[in-house]
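One letter stands for each residue in the lines below.
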2 protein chains.
Amino acid sequence: MSTFFPMNNGDAVYSYSRNSQIQREILDGAKEMMKEAIIKNLDIKSILPSSNKFHITDLGCSIGPNTFTSIQHVVQVVKDKYHDNNLEFQVFFNDHVTNDFNTLFRSLPVDRSYYASGVPGSFHGRLFPSRSIHFAHCSCAIHWLSKIPKELLDTNSPAWNKGLIHYAGASNVEIVNAYAAQFEKDMEMFFNARAEEIVPRGMMVLISPFSGWDSLNFLGSSLMDLVNEGMLDESLVDSFNVPIYLPSPDDITKVVEKNGCFSIENIELTYPQSKLVDEVDANTFIINLRAVLEGLFINHFGSKIAEEAFTRTILKNKEISAWMKANYKACQLFLALKRK
Amino acid sequence: MSTFFPMNNGDAVYSYSRNSQIQREILDGAKEMMKEAIIKNLDIKSILPSSNKFHITDLGCSIGPNTFTSIQHVVQVVKDKYHDNNLEFQVFFNDHVTNDFNTLFRSLPVDRSYYASGVPGSFHGRLFPSRSIHFAHCSCAIHWLSKIPKELLDTNSPAWNKGLIHYAGASNVEIVNAYAAQFEKDMEMFFNARAEEIVPRGMMVLISPFSGWDSLNFLGSSLMDLVNEGMLDESLVDSFNVPIYLPSPDDITKVVEKNGCFSIENIELTYPQSKLVDEVDANTFIINLRAVLEGLFINHFGSKIAEEAFTRTILKNKEISAWMKANYKACQLFLALKRK
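Calculation criteria
Residues numbered from 1 in each chain as written. Chains lettered and ligands numbered in written order. Predicted model: local features only at pLDDT ≥ 70, side-chain atom pairs only at ≥ 80, totals over all residues. Heavy atoms only, no water. Helix = DSSP H or I, 4+ residues; strand = E, 2+ residues; numbered from the N terminus. Rg over C-alpha atoms; globule rule 2.2 N^0.38 Å. Buried < 20%, exposed > 50% of the residue type's maximum accessible area, 1.4 Å probe, protein only. Areas by Shrake-Rupley, 256 points an atom, 1.4 Å probe, with all protein chains shown as cover. Lys, Arg positive; Asp, Glu negative; His and termini not counted. Charge placed at Lys NZ, Arg CZ, Asp CG, Glu CD. Polar contact = N/O pair within 3.5 Å; in protein donor to acceptor, adjacent residues only side chain to side chain. Contact = heavy atoms within 4.5 Å. Buried area = accessible area lost by both parts, 1.4 Å probe. Salt bridge = Lys/Arg side-chain N within 4 Å of Asp/Glu carboxyl O. Least-squares fit on C-alpha atoms with pLDDT ≥ 70 in both. Pairing = 2+ DSSP bridges. Right-handed = clockwise from strand over helix to strand, strands pointing away. Axes fitted to C-alpha atoms, helices over the stretch in contact; angles between N-to-C directions. Left-handed = near helix turned anticlockwise from the far one by under 90°. Nonpolar A, V, L, I, M, F, W, Y, C, P; charged D, E, K, R; others polar.

Comments concerning the overall build of chain A
(1) Moving on: Along the backbone of chain A there are 12 helices and seven strands.
(2) Moving on: Against the compact-globule benchmark of 20 Å for 340 residues, chain A has a radius of gyration of 20 Å, which places it among compact chains.
(3) Moving on: Along the first, second and third principal axes, the C-alpha set of chain A runs to 65 × 40 × 35 Å.
(4) Moving on: Taken across its 340 residues, chain A has 57% of its residues classed as buried.
(5) Moving on: For chain A, the exposed surface amounts to about 13800 Å²; the carbon and sulfur share of it is 50%.
(6) Moving on: On chain A, the mean spot of the 32 positive side-chain charges and the mean spot of the 39 negative ones are 5 Å from each other.

Things to note about the side chain of His166 of chain B
Residue and element names in this part refer to chain B.
(1) Moving on: Of note, His166 is situated in the loop between β4 (133-139) and α5 (173-197).
(2) Moving on: Of note is the side chain of His166, whose polar atom sits 2.7 Å from the backbone oxygen of Ile244.
(3) Moving on: Not counting chain neighbours up to four residues away, the residues in contact with His166 comprise Asn161, Tyr179, Trp213, Leu216, Asn241, Val242 and Ile244.

Topic: the interface of chain A and chain B
(1) Moving on: Contacts between the two partners involve 27 residues from chain A and, on the opposite side, 27 residues from chain B.
(2) Moving on: Summing both sides of the interface, chain A and chain B together bury roughly 2200 Å²; the carbon and sulfur share of this comes to 55%.
(3) Moving on: The largest share of the area that chain A buries against chain B comes from Phe105, Tyr115 and Pro129 of chain A, three residues that together contribute 24% of it.
(4) Moving on: Counting every contact that joins chain A to chain B gives two salt bridges.

Details of the environment of Lys162 of chain B
All names here are of chain B.
(1) Moving on: Here Lys162 lies in the loop between β4 and α5.
(2) Moving on: For Lys162, a relative accessible area of 44% puts it in the partly exposed group.
(3) Moving on: Spatially, the C-alpha atoms of Lys162 and Tyr245 are 18 Å apart, while their sequence positions differ by 83 residues.
(4) Moving on: Sequence-distant contacts of Lys162, defined by excluding residues within four places in its chain, comprise Glu234 and Asp238.

Thoughts on the relation of the copies chain A and chain B
(1) Moving on: Note on the copies: chain A fits chain B at an RMSD of 0.0 Å, the axial shift is 0.0 Å, and the rotation between them is 180°. Here the two chains are linked by the operation of a two-fold rotation axis. The C-alpha atom lying nearest the rotation axis in chain A is that of Gly118 of chain A; the distance is 2.5 Å.
(2) Moving on: Interface residue correspondence from chain A to chain B reaches 100%, placing this contact among same-surface, isologous pairings.

Observations regarding the pattern of salt bridges
(1) Moving on: For the structure shown, the criterion picks out 24 salt bridges over all chains.
(2) Moving on: The salt bridge partner of Asp225 of chain B is Lys316 of chain B, with a shortest N-O separation of 3.4 Å. A residue pair is termed long-range when its members are at least 10 positions apart, and Asp225 of chain B in helix α6 (residues 216-228) and Lys316 of chain B in the loop between α11 (303-315) and α12 (317-327) qualify at 91 residues.
(3) Moving on: In this structure, Glu229 of chain B engages Arg312 of chain B in a salt bridge whose closest nitrogen and oxygen atoms are separated by 2.7 Å. Here Glu229 of chain B, found in the loop between α6 and α7 (234-238), pairs with Arg312 of chain B, found in helix α11; they are 83 residues apart in sequence, far enough to count as distant.
(4) Moving on: Judged by its relative accessible area of 48%, Glu229 of chain B is partly exposed.
(5) Moving on: Overlapping salt bridges bring together Glu88 of chain A together with Arg126, Arg194 and Glu197 of chain B as one network.

Describing the pairing of strand β5 (residues 198-209) of chain A
All names here are of chain A.
(1) Moving on: Across the 12 residues that make up β5, a large majority, 10, are buried.
(2) Moving on: Taken together, the six bridges between strand β4 (residues 133-139) and β5 define a ladder with parallel strand orientation. In the strand pairing of β5, Ser139 is matched with Ile207.
(3) Moving on: Handedness of the crossover is the feature at issue here: the chain leaves β4, passes through helix α5 (residues 173-197), returns alongside β5, and the resulting connection is right-handed.
(4) Moving on: Sheet analysis places β5 next to strand β7 (residues 332-339), joined by seven bridges and oriented antiparallel. Residue Leu206 lies in a different strand from β7, and its bridge partner there is Leu335.

Notes on the packing of α6 of chain B against helix α10 (residues 282-301) of chain B
Helix-helix packing is characterised by the crossing angle of the two axes and by the distance between the axes.
Residue and element names in this part refer to chain B.
(1) Moving on: Remark: α6 packs on α10, axes separated minimally by 13 Å, with the N-to-C direction vectors making an angle of 35°. In terms of crossing hand, the pair formed by α6 and α10 is right-handed. Along the contact surface, α6 presents Leu216, Leu219 and Leu223, while α10 presents Leu289, Leu293, Phe297 and Phe301.
(2) Moving on: In the contact of α6 with α10, the residues fall into seven nonpolar, no polar and no charged.

Below, the structure written as structure tokens:
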């Protein structure tokens, strides 16, 4: 089962490009940490002994504008550190082949100080020649699994995820274990590929959400409402699982150590100091979720049921507000790595 | 006036991807010459003294499938010449930002033996870091002007192109001179950019059509028919000029010599040995023209008049057949260059 559904394309009302504020605030929160990591760990003279070309990639970049902000930040920090006017930056924007690269390219900043290119393909596999990347950035992307582990769909398996659409809220530990095992497999492929592509002493920064996805329960319960009203067959809910796993520092450390090619320079959970994120209202939260998940829902349930599920979830905004006040604190996992 | 209108997108009946047979045959005709040029001129040990990464670009690649055929050919010839399993190929597919990169990426050959990326932007300006390209390929693209010289639209200029849509058929030499001057300016920018981007002793192969565009007269006369029937204002025809100039070997030689950074290894006019091209019927010829020009026509005249103009031109297929038999012989300009 392929799960390559891009963020909502274009720039319409529920598009990702107009509904990625939370992701942006998460990135803003990571800016200082990224700057520190670069200042402390990047040694451009050792990774570019006889060249002036610095190659950056943003893995899972989606369609902007967040990717442009992140990349500009990396470029600026490197420029400020080295004050070398001869340095030239080439940026490789990567995402699945189904990503809307046309929108991405048409919204590239006109005043950018780098050469831009797009690289289609899954970051779970090889994307670049060996030893050709000096800095890899990946934000809000590694938590997407390459596929749903089949046990979740197997009525005979202890990991069968009946009546739910995610491990959040599942009482059976086999379910979260199946998600975790898939994440580990995916990340093994991710690190194997990056180990080939990143130059010795090159860097990689990973940023991943660590909270908020429990809210999938509300979407799940909207779907179950539709089942109870006879509008939707329950087997369609049972056979649907959102392919997102929020890794813990331990999950990542385990894969990095197994891979053996990277040293962890920094790993921490951080809480963005952002009024927008702290005080995000339930409506914005759900619309944001919709921009990210709608393609996935439409593919499985069709557009009518998907529309109905999101509309009904917005009607639960009081309940969701209460849940957010009691349980939700925006949190992200930040990780700075160096290729040995 | 911007003239960046891409080939017809997608894969519908008049799309470029389904109507680029003539361009393909032209490329097939150039295959042997490209092979010879690479075998004779490419010295990979001198351009990659301490690296195994060979960077290729296809400038003005459009949306495939021709670009994939050309690139695969270049890769194969280089592989056959060097038998070096460590060689890695990275290909940069370039075209205007309005090109349909989504279609291009989704039709990339699955079994390709190179890393693929897309680079949006005009090849009349810089696209890549300095000294980062080893082989540049550009087919059926340099004949597109970056803009229409404004004298053609100036009713007070001797180059005013009244009643025609191209220099083909114009009795006034000022008109073709204005086209030629614009081509020269564009190519100066093209060669200045490539001189920076291509490594010393790197190669560039240019292939450009040298015949067939006189047929624009038939489209022009269809438009004038619409004027005579009162369906179209004549000033709209007078203000429209197809931004295509077919360069002669002398045109190119002049710009290359002025630039001074490239040596011409081969320049010749060739006649593809192809039944398809020799025996192409008038209908195929016009549909092919439509796939290339429709966007430009719709932008200026609107879709109704554009549709009418192409439909009426197809009705002239007997006249066009007769013209083709008497005057048309597929011919292309082939040019192999080496960066000094």
